[in-house]
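So the chains spell out like this:
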Amino acid sequence: MPLRENGSCETDVMKNIIHFCYENYDTDISLQTISDKLHISRYYISHLFNRKLHIGFNDYINSLRISRACEMLKLDDTPITEIAYSVGYNFIRTFNRCFQEIVGMTPKEYRRKKHKKQEAML
């Protein structure tokens, strides 16, 4: 029976890794976690991130977490500490540092700015 190609094997592997990250970014996720769950070498996973996405694994996870935190900060007045924990950070200081690096302002400043923008639209 002839094999049918469904695209690059590497692309399929990357899609599985990205899907796993998206579904689990709010947990204590690591290269080892993905390696164990998907049965792929953690070194290969790291290599794929750098070659295909031009971003390190931890930076990718942080971008997913901060993106979700931004959505939550816009929605309601959930305490920032609670948001930090819900998107996967164990320490508020780490969350604040990552947020500042990615967004360019603190979570508190971001929330204030988004609320002012929404009020101006009303």
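Residues numbered from 1 in each chain as written. Predicted model: local features only at pLDDT ≥ 70, side-chain atom pairs only at ≥ 80, totals over all residues. Heavy atoms only, no water.

**A word on helix H1 (residues 9-24)**
Along its 16 residues, H1 runs 23 Å from first to last C-alpha, staying within 8% of the 22 Å computed at 1.5 Å per residue. Close packing links the buried residues of H1 with helix H2 (31-38), helix H3 (42-53) and helix H4 (57-75). (Helix = DSSP H or I, 4+ residues; strand = E, 2+ residues; numbered from the N terminus. Expected span 1.5 Å × (residues − 1). Contact = heavy atoms within 4.5 Å.)

**Re the pattern of salt bridges**
Considering all chains together, one arrives at four salt bridges under this definition. Between Lys-52 and Glu-10 there is a salt bridge; the shortest N-O distance is 3.3 Å. Of the two residues, Lys-52 sits in helix H3 while Glu-10 sits in helix H1, which places them 42 residues apart along the sequence. Salt-bridge contacts for Glu-101 lead to Arg-97; the nearest nitrogen and oxygen are separated by 3.7 Å. One end of the pair, Glu-101, and the other, Arg-97, are both in helix H6 (residues 92-103), four residues apart, so they sit about a helical turn from each other. Residue class for Glu-101 comes out exposed when judged on its relative accessible area of 57%. (Salt bridge = Lys/Arg side-chain N within 4 Å of Asp/Glu carboxyl O. Buried < 20%, exposed > 50% of the residue type's maximum accessible area, 1.4 Å probe, protein only.)

**Overview of the packing of H1 against H3**
Packing of H1 against H3 leaves a shortest axis separation of 11 Å and a crossing angle of 100°. Classified by the angle between their axes, H1 and H3 sit roughly perpendicular to one another. Facing Glu-10, Thr-11, Val-13, Met-14, Ile-17, Ile-18 and Cys-21 of H1, the residues of H3 in contact are Tyr-44, Ile-45, Leu-48, Phe-49, Arg-51, Lys-52 and Leu-53. A breakdown of the residues in the contact of H1 with H3 according to their chemical character gives 10 nonpolar, one polar and three charged. (Axes fitted to C-alpha atoms, helices over the stretch in contact; angles between N-to-C directions. Parallel < 35°, antiparallel > 145°, perpendicular 65-115°, else oblique. Nonpolar A, V, L, I, M, F, W, Y, C, P; charged D, E, K, R; others polar.)

**What about the nonpolar core?**
Counting residues in hydrophobic clusters, the biggest one holds 32 residues, and the most contacted among them are Ile-17, Cys-21, Ile-34, Phe-49, Phe-57, Phe-95 and Phe-99. Elements represented by at least two residues in this core include exactly H1, H2, H3, H4, helix H5 (80-86) and H6. Element by element, the count of residues in this core is highest for H4, at nine residues. Residues within four places of Cys-21 in sequence aside, it is in contact with Ile-29, Ile-34, Phe-49, Phe-57, Tyr-60, Ile-61 and Leu-64. (Core = buried A, V, L, I, M, F, W, Y, C linked by side-chain atoms within 4.5 Å.)

**Observations regarding the side chain of Ser-35**
Turning to its location among the elements, Ser-35 is positioned in helix H2. Accessibility expressed as a relative area gives 13% for Ser-35, which makes it buried. The contact partners of Ser-35, leaving out residues within four places of it in the chain, are Ile-40, Ser-41, Arg-42 and Ile-45.

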